[in-house]
Amino acid sequence: MKKQNGKLIVVGDRVLVSPDEGQGRTDVGLYLPQTVADKDSVQSGRIVETGPGTMLPDIQDSDEEPWKSNRREARTVPMQARAGDYAIFMRKAAVAIKFQNKSYLVVPQAAILVLIRDQEPDATE
């Protein structure tokens, strides 16, 4: 494979995760049961980047003629996951990639079980 230059762009409803190296206890202090760690069915890591979300179909109004070209901006259902979140996800749904000598996992949002996010400041403060 050729040397990769440039930037990774995550598409659709997927997230790019920097996986935890060790199993057992996660960076944020959660303990995974030994049976889960042994089976390697659940993994965790920090979300590096997210895609734009799930694309919605372009539904035409019924009174419009179907052959008319009415280009609209693409609409998406936004992602719940954000860059910087800590995710626990189903390992079997992840795809391992290596980019610029770093290992990542590409995970569909549907495979994420929980997100741990640093608390956001209250709007009243």
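Scroll up a little and you will see the structure.
It should be emphasised that the depicted structure is a prediction, and the values quoted were computed from it without experimental measurement.

(A) Spatial organisation of the pairing of strand E5 (residues 86-90). Counting buried positions over the five residues of E5 gives four, a clear majority of the element. Examined bridge by bridge, strand E2 (residues 42-50) and E5 share five bridges and lie antiparallel to one another. Across the sheet, the residue bridging to Val42 is Met90, located in E5. Of the strand pairs in this sheet, E5 and strand E8 (residues 112-116) are connected by four bridges, and their pairing is antiparallel. Within E8, the residue paired with Ile88 across the bridge is Val114.

(B) Structural detail: the side chain of Gln43. With respect to the helices, strands and loops of the structure, Gln43 is situated in strand E2. At 2.9 Å, the side chain of Gln43 and the side chain of Arg91 are in polar contact.

Basis of the calculations
- Residues numbered from 1 in each chain as written.
- Predicted model: local features only at pLDDT ≥ 70, side-chain atom pairs only at ≥ 80, totals over all residues.
- Heavy atoms only, no water.
- Buried < 20%, exposed > 50% of the residue type's maximum accessible area, 1.4 Å probe, protein only.
- Helix = DSSP H or I, 4+ residues; strand = E, 2+ residues; numbered from the N terminus.
- Pairing = 2+ DSSP bridges.
- Polar contact = N/O pair within 3.5 Å; in protein donor to acceptor, adjacent residues only side chain to side chain.

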